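Reading the structure
Listed below, chain by chain, are the residues.
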Amino acid sequence: MTTEEIRSAFLKYFEDKGHTIVDSASLVPAGDPTLLFTNAGMVPFKDTFLGTEKRDFSRATTCQKCLRISGKHNDLENVGRTARHHTFFEMLGNFSFGDYFKQDAICFGWEFVTEVLKLPKERLWVTVFQDDDEAADLWRANTDVNPDRILRCGEKDNFWAMGDTGPCGPCSEIFYYLGDNVDGQNEAEFRLDDGTYVEIWNLVFMQYNRDPQGNLNPLPKPSVDTGMGLERVAAVAQGKTANYDSDLLREIISFVEDLSGKKYLGEDYTERDTQSDSQYAYDVAMRVIADHVRACSFLIADGVNPGSDGRGYVLRRLLRRACRHGRVLGLTDAFLYQVSGKLVDLMKGCYPELAQSADKIAKIIKSEEEKFLATLDSGLHLLEKEVAAVLEQSSKVFPGDKAFILHDTYGFPLDMTEDIVAARGLTVDKDGFSAEMELQRERSRSARANEVTLLLQKSVKPSPTAFMGYDFLEYESEILGLYADTGEVQSAAAGEDVAVVVKETPFYGEAGGQLGDTGSISSNKASLDVIDTQKIAGDTIVHIARVSEGEISLGDNVRLSVDEGRRERIRVHHSATHLLHQALRETLGDHVKQAGSRVSDSTLRFDFSHYEQVQPRQLNEIQSRINELVRENYPIVTKVLPIEEAKQSGAIALFGEKYGDSVRVVEMGPGSKEFCGGTHASRVGDIGLVSIVSEGAVASGVRRIECVAGSRASARAAEQAMLLKNLSSLFNTNEADLFERVSKAAERSKELEREVSRLSQTLNQSKGSDLTKDVITLENGTKVVTGALQEVDPKQLREMADDLRARLGSGCIALGSVHKGKLLLLTAVTDDLTTQYHAGNLMRELSTVVGGKGGGRPDLAQAGGGDPEKLDQALEKFQELLS
């Protein structure tokens, strides 16, 4: 049976069993912001299983398009290297929503694989959950499977759950033996899990609801969710051991063979070195291209466009990865769009959206491919250069900052760089890459947010927003206002920047020194990236966002999701600000008042009134006191009080803030109570650690301290510890004696500098003595000395001039030097001649010769800059001027 015949037979079989055939849903999940892509057959029915959506049927069957490339279902790095991993695949499934249960599901499964697909029963095995006696008994009673081949497995393999809580239940799986020794099959070999026995169908029996305490409570209407990978069952039904040898995928590979002129063998999936084994490299490349072109074509047909983040970036990664593998096959020009044309021809009968989007698919793929090809060679050259440098150092780690340059400048997705260097036995420093990426995101976010925010805020009409972010990081609301830079709009499409106002939001709008939240907004037809949140007049919270996918409209119901990790880091830094204020007042005095602050996810900046520099000893006391308070771990208590009551309670009102009739008062133990509308940790101990980074003046009577807190402080402490360790190693001492050793080294360095200065002075005096041998006497009796020197700095020039003036007694001097590539000039006149000759005026004239600028006193002048090649001309000009 062909793949198409198996697909049709499956749907027809279950239709005959009373199931409704439901068309495949989009790869982009509708109204489910928790998923990037549809990754299983049950995803479109998630709400049906949860009981929040009603369907007009209780039995369904589908062939669902799926993509697994993120989260725990990320098969990308295995694609092309194994026989059965894919990014895109088709999932055959039958579903019962409170209708039939285990018995019918088992009977349907066995009948389909043995009677319809006619798979030999002697090659079939079955597994059940270790405690599911009911399923084991039903297999024995209702099928003729060999009872010895009904095996029990643990929770990891045979128990399914939608999440930590909610619907869950045991599974039963059907396996097929691919080996040659049919009579030698046995349980021990089965449990090796080496790919000889492959799972072809998973039957999930949803019969429990797991509560937060972990208890399994029976569902009133148990349901069934089954999934069978079409590519895998097609390979099995066609007598193949690898999915890529099934008819559909093999046709795509054959098309790539024709394009490249290379042959595909694909006989052995043993992991090998693609650098030394060219045939293996060809086979991997063709499998990757076949898989990725399928994924890209379906993504584009479902409305995804290449982009720099989210789904768009996944599409771009896949295209570029396939493009790079084309190079392995010698395909140097755009070719993937041709492969997509073949794919459309093969699958348009089952998926009409492919035919409808054929031109769009080809154009987008070709355009994206051509853009990447323009930088691919340069990127590969840089990558090879860096790989050689790493190998030369006998290292096994490719630098993260270099991987980032490849990503940022040449468009190499990280996984592509990982693929390439893995072939050379290297891994990529992912932490280093992530650090560079985070820095760029922050730079980009800040620059874009500032520019876009100012533009969009001008358009927004005030509309009070209820802030729900003290209790929620996700919230559903309605769009009340949608604004572009031209004013209010009814809708906005992908790529457009908008300001969004909703009725309620969990997003914190920048206020009180705390930066605004970032995150996402999604509806059933659009996704937006929130790059900043501002609070404007009338308590209006404005979400500055870019539409990444689809179209958003006024009145849409949306889910607002705050970037939880960033918010948590902000909470920690904001809470640390309160403790810093307390510690400053305790250490420096009650005169300390907050004069401004800025709290971000990476640092806190605190301005305060104080009349002198905070001494290092005091800074150490302040930091120690803060961390002492952190360890006391007081609960952070927030109350909303009438403003007068709040003032009477001793709470401190902060600088420059306007307060209403009621205020939020935040208390962190007995010594800290402030008016504050920001977001905070639950307990003081959640801050973890606080580290002071710097202290300085920002205005008269105002000082500024910068700190890091939480994970940022821990990272800084680790860096400082490593620095101490490295310095100790460098000075060949332990950390306890390091300060003394460095102090001695610094004193020795000063001694050497003084010695160099003394020797330099002696040398310059010697040079001065040599210059006096070439003294010129003008007709009026004035003595003139000029000299062109090399690598003499300004200080040494002055010392030489002083020495020459002493030697001459009376005269004029012009010296020049090229120091570190820069021209330096000096003119000097002894005191008795300053009424006749002015050193500063002479220097101005010389400067015009060399193209620099200079001037000075009557007795001494200096200049820098200009053309070093014209030094001799300037010295000749000096003599002419004196004459």
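Scroll up for the structure.
First, a word on scope: everything that follows refers to the structure included in this document. Within each chain, residue numbers correspond to sequence positions counted from 1 in written order. With pLDDT at 70 or above as the cut-off, local features in this predicted model cover only qualifying residues; side-chain atom pairs require 80 or more to be listed or tallied, and sums for whole chains, interfaces and linings still use all residues. Based on all heavy atoms of the structure, the side-chain values leave hydrogens and waters out of the count.

The subject of this paragraph is the overall build of the protein chain. In terms of helices and strands, the protein chain carries 24 helices and 36 strands. Using C-alpha atoms as the atom set, the radius of gyration is obtained and then compared with a globule rule of 2.2 Å times the number of residues to the power 0.38. Whereas a compact globule of 883 residues would reach a radius of gyration of roughly 29 Å, the protein chain reaches 38 Å, over 25% beyond that. With the principal axes as the frame, the protein chain shows a C-alpha extent of 125 × 80 × 60 Å. Working rule for contacts: check all heavy atoms of both residues, and any pair within 4.5 Å makes them a contact. In the protein chain, of all internal contacts separated by at least 6 residues, the share reaching a separation of at least 24 is 68%. Taken as a whole, the protein chain presents about 40,600 Å² of accessible surface, with 47% of it coming from carbon and sulfur. Distance between charge centroids for the protein chain: 3 Å, based on 102 positive and 136 negative side chains. For the purposes of this entry, the term helix denotes a DSSP run of H or I that reaches at least four residues, the term strand denotes a run of E that reaches at least two, and both are numbered from the N terminus. The Shrake-Rupley method, run with a 1.4 Å probe sphere, supplies the accessible areas, and residue values consider only the shown protein chains as cover. Under the convention used here, Asp and Glu are negative, Lys and Arg are positive, and both His and the chain ends fall outside the count. The atoms used to mark charge sites are NZ of Lys, CZ of Arg, CG of Asp and CD of Glu.

Here we take up the sheet that holds strand E25 (residues 604–609). Taken together, four strands build an open sheet; the order of strands is E24-E25-E30-E29 and the sheet is antiparallel. The open sheet has two edge strands with one neighbour each: strand E24 (594–599) and strand E29 (690–699). Ignoring strand direction, the axes of neighbouring strands in this sheet form an average angle of 15°. Across eight bridges, E29 lies against strand E30 (residues 702–709) in antiparallel orientation. Note on E30: the bridge partner recorded for isoleucine 692 is cysteine 707. A pair of strands counts as paired when DSSP detects no fewer than two bridges linking them. Interaxial angle, 0 to 180 degrees, is taken between N-to-C directions of lines fitted to C-alpha atoms, where a helix line uses only the stretch in contact.

Moving on, we come to the nonpolar core. As used here, the term nonpolar core means buried Ala, Val, Leu, Ile, Met, Phe, Trp, Tyr and Cys residues forming a set that is joined through side-chain atoms within 4.5 Å. Buried, partly exposed and exposed residues are distinguished by accessible area as a fraction of the type maximum, computed with a 1.4 Å probe on protein chains only: under 20%, between the cut-offs, and over 50%, respectively. Core analysis: the largest hydrophobic core is formed by 111 residues, its most contacted members being Trp139, Ile200, Trp201, Leu336, Leu354 and Phe398. Per element, the largest residue contribution to this core is twelve residues, and it comes from helix H9 (residues 278–301). Those residues in contact with leucine 336 that lie beyond four places of it in its chain are Ile289, Val293, Leu319, Ala322, Cys323, Ile365 and Glu369. Of all hydrophobic cores here, the second largest spans 29 residues; its members include Ala583, Leu584, Val666 and Cys676.

Before going further, it helps to examine the packing of aromatic side chains. Note on ring pairs: Phe, Tyr and Trp rings are taken, using the six-membered ring of Trp, and paired if centres are within 6.5 Å. Classes follow the plane angle, with under 30 degrees stacked, over 60 edge-to-face and the rest tilted. Here the structure, examined in full by the defined rule, presents 32 aromatic pairs. Aromatic pair phenylalanine 467 and tyrosine 508: ring centres 5.7 Å apart, planes at 75°, arrangement edge-to-face. With phenylalanine 467 in strand E14 (residues 466–467) and tyrosine 508 in the loop between strand E19 (504–505) and strand E20 (519–522), this residue pair connects regions lying 41 residues apart in the sequence. On the accessibility criterion, phenylalanine 467 (21% relative accessible area) is partly exposed. When the ring of phenylalanine 606 is compared with that of phenylalanine 608, the centres are 6.3 Å apart and the planes differ by 25°; the resulting orientation is stacked. Placement of a positive charge over a ring is assigned whenever Lys NZ or Arg CZ falls within 6 Å of the ring centre and within 35 degrees of the normal to the ring plane. In this structure, lysine 262 packs its charged tip against the face of tyrosine 282, placed 5.6 Å from the ring centre. Taking NZ or CZ as reference, lysine 366 lies 4.9 Å from the ring centre of tyrosine 337, over its face.

What follows concerns the packing of H9 against helix H13 (residues 358–392). Running from N to C, H9 and H13 cross one another at 120°; their axes reach a closest spacing of 9 Å. Here H9 is positioned oblique relative to H13, judged by the angle of their axes. Considering only the axes of H9 and H13, their crossing is right-handed. Counted together, Cys296, Ser297, Ile300 and Ala301 of H9 and Lys360, Ile361, Ile364 and Ile365 of H13 form the full contact between these two elements. Residues are sorted three ways: Asp, Glu, Lys and Arg are charged, Ala, Val, Leu, Ile, Met, Phe, Trp, Tyr, Cys and Pro are nonpolar, and all the rest, Gly among them, are polar. A per-class count over the contact of H9 with H13 returns six nonpolar, one polar and one charged. An angle below 35 degrees is treated as roughly parallel, one above 145 as roughly antiparallel, one from 65 to 115 as roughly perpendicular, and anything else as oblique. It is the rotation of the near helix from the far one that decides the hand of a crossing: anticlockwise by less than a right angle makes it left-handed, clockwise makes it right-handed.

Right, let's talk about the pairing of strand E34 (residues 822–829) for a bit. Within E34, seven of the eight residues are buried, leaving the element largely enclosed by the surrounding structure. Across eight bridges, the pairing between strand E33 (residues 812–819) and E34 is antiparallel. Within E34, the residue paired with serine 817 across the bridge is leucine 824. As consecutive antiparallel partners, E33 and E34 are separated by two residues, and within that stretch lysine 820 has a phi angle of approximately 55°, a positive value. Relative to strand E36 (residues 860–864), E34 is paired through five bridges, and the arrangement is antiparallel. Looking at the pairing, leucine 826 lines up with glutamine 862 of E36.

Moving on, we get to the sheet that holds strand E32 (residues 783–790). Taken in spatial order, the six strands of this open sheet run E31-E32-E33-E34-E36-E35, and their pairing is mixed. The open sheet is flanked by strand E31 (776–777) and strand E35 (853–856), the only strands paired with a single partner. In the packing of helix H23 (residues 839–850) onto the sheet, contacts are made with E34, E35 and E36, and the angle to E34 comes to roughly 150°.

Take a side-chain nitrogen of Lys or Arg and a carboxyl oxygen of Asp or Glu: if they are within 4 Å of each other, that pair is a salt bridge. Under the defined criterion, the tally for this structure stands at 49 salt bridges. The residue glutamate 418 makes a salt bridge to lysine 430 at a minimum N-O spacing of 3.3 Å. Residue glutamate 418 is located in helix H15 (residues 414–422), and its partner lysine 430 is located in helix H16 (residues 430–457); the two are separated by twelve residues in the primary sequence. In this structure, arginine 805 engages aspartate 859 in a salt bridge whose closest nitrogen and oxygen atoms are separated by 3.9 Å. Of this pair, arginine 805 sits in helix H22 (residues 794–808) while aspartate 859 sits in the loop between E35 and E36, and the two are 54 residues apart along the sequence.

Right, let's get into the environment of leucine 259. Considering the arrangement of structural elements, one finds leucine 259 in helix H8 (residues 247–260). Along the chain, leucine 259 and valine 339 lie 80 residues apart, while their C-alpha atoms are 8.9 Å from each other. Discounting residues that sit within four places of it in the chain, leucine 259 has contacts with Leu331, Phe335, Gln338 and Val339.

Turning our eyes to something else, we now look at empty space enclosed by the protein. Residues are said to line a cavity or pocket when one of their atoms sits within 4 Å of a point; the points come from a 1 Å grid over protein atoms alone, cavities being sets where a 1.4 Å probe fits but cannot get out and pockets being open sets with protein on both sides within 12 Å along at least five of seven lines. Grid points are joined across faces, edges and corners, and a volume is the space filled by probe spheres set on the points. Enumeration according to the criterion identifies two cavities of 30 Å³ or more in this entry. Here the largest cavity defines a volume of roughly 70 Å³. Going through the elements one at a time, helix H17 (564–588) and E24 are the ones with two or more residues in the lining of the largest cavity. Tallied by class, the residues present in the lining of the largest cavity amount to three nonpolar, seven polar and one charged. Roughly 30 Å³ of internal volume is contained in the second largest cavity. Around the second largest cavity, the lining residues are Thr3, Glu90, Leu230, Glu231, Ser246, Leu248, Leu249 and Arg294. Contributing elements (two or more residues each) for the lining of the second largest cavity: helix H7 (230–237) and H8. Here the lining of the second largest cavity is composed, by residue class, of three nonpolar, two polar and three charged.

This next bit is on H22. End to end, H22 covers 21 Å across 15 residues, agreeing with the expected 21 Å (1.5 Å per residue, within 8%). Regarding H22, the residues found buried are Gln796, Leu797, Met800, Ala801, Asp803, Leu804, Arg805 and Leu808. Here a polar contact is recorded for every N or O atom pair within 3.5 Å, except that within protein the pair must consist of a potential hydrogen donor and a potential acceptor, and residues adjacent in sequence are included only if both atoms are side-chain atoms. Put simply, aspartate 793 is the residue that caps the front of H22, since its side-chain oxygen is 3.1 Å from the backbone nitrogen of lysine 795. Positive phi appears at glycine 809, one or two residues downstream of H22, with a value of about 80°. By this rule, a helix spans an expected 1.5 Å times one less than how many residues it contains.

Quick look at the packing of helix H1 (residues 3–16) against helix H3 (residues 102–116) now. Where H1 meets H3, the closest approach of the two axes is 12 Å, and the angle between their N-to-C directions is 140°. With respect to H3, the axis of H1 lies oblique. H3 is crossed by H1, and the crossing has right-handed handedness. For the pair H1 and H3, contact is made by Ile6, Ala9, Phe10, Tyr13 and Phe14 and by Cys107, Phe108, Glu111, Phe112 and Val116, respectively. Within the contact of H1 with H3, the residues separate by chemical class into nine nonpolar, no polar and one charged.

A positive phi angle, near 60°, is found at lysine 118, a position not held by glycine. Counting through the fold element by element, lysine 118 comes out in the loop between H3 and strand E6 (124–129). Of note, aspartate 193 is a non-glycine position whose phi angle comes to about 55°, a positive value. Its place among the elements puts aspartate 193 in the loop between helix H6 (187–190) and strand E10 (197–210). The class for aspartate 193 is exposed, based on a relative accessible area of 65%.

Another point: the side chain of threonine 782. With respect to the helices, strands and loops of the structure, threonine 782 is situated in the loop between E31 and E32. By relative accessible area, threonine 782 is classed as buried at 6%. Residues in contact with threonine 782, not counting those within four places in the same chain, are Ile776, Thr777, Cys812, Leu833 and Tyr837.

Don't take any of this as a statement about function, it's just geometry.
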